[in-house]
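Chain by chain, the residues run as shown.
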Amino acid sequence: MTLSFSSPMPPEAVGVPLALAQRSIVMVGLMGAGKSAIGKRLAMRLGLPFVDTDREVETAAGCSIAEIFELYGETAFRDVERRVILRLLEGARGVMATGGGAFMDPQTREAIKLRGLSVWLQADLDTLVRRTAKRTHRPLLNSGDPREVLARLMAAREPVYALADLHVQSSEASPEETTQRVAAAISARCAEPAAEPGTP
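To keep things clear, this report deals only with the structure shown in the data block. Every residue gets a number counted from 1 within its own chain, in the order that chain's sequence is written. The predicted origin of the model limits local features to residues at a pLDDT of at least 70 and limits the giving and counting of side-chain atom pairs to 80 or more, whereas totals for whole chains, interfaces and linings rest on all residues. With hydrogens and water stripped out, all remaining heavy atoms of the structure feed into the side-chain values.

Structural notes on the sheet that holds strand β4 (residues 116–122)
The criterion, for reference: One bridge is not enough; two strands pair if DSSP finds at least two bridges between them. Numbered from the N terminus, helices here are DSSP runs of H or I no shorter than four residues, and strands are runs of E no shorter than two. Only the stretch in contact is used when fitting a helix axis, every axis being a line fitted to C-alpha atoms; angles between N-to-C directions are given from 0 to 180 degrees. Only heavy atoms matter for contacts: two residues are in contact if any of them lie within 4.5 Å across the pair.
The strand order across the open sheet formed by 5 strands is β2-β3-β1-β4-β5, and the pairing between neighbours is parallel. Of all strands in the sheet, those with a lone pairing partner are β2 (50–52) and β5 (166–169), marking the two edges. Adjacent strand axes in the sheet meet at a mean angle of 25°, parallel and antiparallel pairs treated alike. The sheet contacts of helix α1 (residues 35–46) involve β1 (24–28), β2, β3 (95–97) and β4, and relative to β1 the element is tilted by about 160°. On the sheet, helix α2 (residues 53–61) packs against β2 and β3 and is oriented at approximately 65° with respect to β2.

Here is the structure:
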């Protein structure tokens, strides 16, 4: 089995920023942060389609994420994940929940920067451990003590997540309240005046 397919996004397409109102909203953050739960609610609130990139990866690969990791390794998974996200970003505007490691890939991150509006859902370690408990479909958590794994991932990934356009806390709030926070942050960002050409 070959885990590959052609991406419709040509290299030259990744270079011209789109108007903010035309961008897909891309949820990023660690597993357990609430990307899918909040993403679905946000999509309903905004009247946009919702997509979970993990499910799209499984469809593209023809097997589960756990099977991809077991049979082909994380590198193969990240390759398919990158291609899926690039394809989705070129399509119709929507709300997208990405896997925890997706934003770590420089090419994926750059495409999201140019074609999407990234929202980092932040959660503390205790919250992440509680929300991911007994979820055996997450390969990275099956490689050791879940708390230690999550702590290690937080240390490695949070500096990169911090590059996201918007940061929203999701630890203590209810899903409805967190969705409201995300919607408010997006509304505020859309209300900001556009930068002049050449402005960093």
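Structural notes on the pattern of salt bridges
We count it as follows: By salt bridge we mean one thing: a side-chain nitrogen of Lys or Arg within 4 Å of a carboxyl oxygen of Asp or Glu. Burial status follows relative accessibility: with a 1.4 Å probe on protein chains alone, a residue under 20% of its type maximum counts as buried, one over 50% as exposed, and anything between as partly exposed.
On inspection of all chains with the given rule, the structure shows 12 salt bridges. Between Asp79 and Arg82 there is a salt bridge whose closest N-O contact spans 3.2 Å. One end of the pair is Asp79 and the other is Arg82, both in helix α4 (residues 74–90) and 3 residues apart, which spans about a single turn. Residue classification places Asp79 among the partly exposed residues on the basis of a relative accessible area of 22%. Take Arg82: its relative accessible area is 18%, and that puts it in the buried class. Between Glu177 and Arg181 there is a salt bridge, with its nearest N and O atoms 3.1 Å apart. Highlighted residues: Glu177 and Arg181, both in helix α8 (residues 175–191), separated by 4 residues, approximately one helical turn. Judged by its relative accessible area of 40%, Glu177 is partly exposed. By relative accessible area, Arg181 is classed as partly exposed at 35%.

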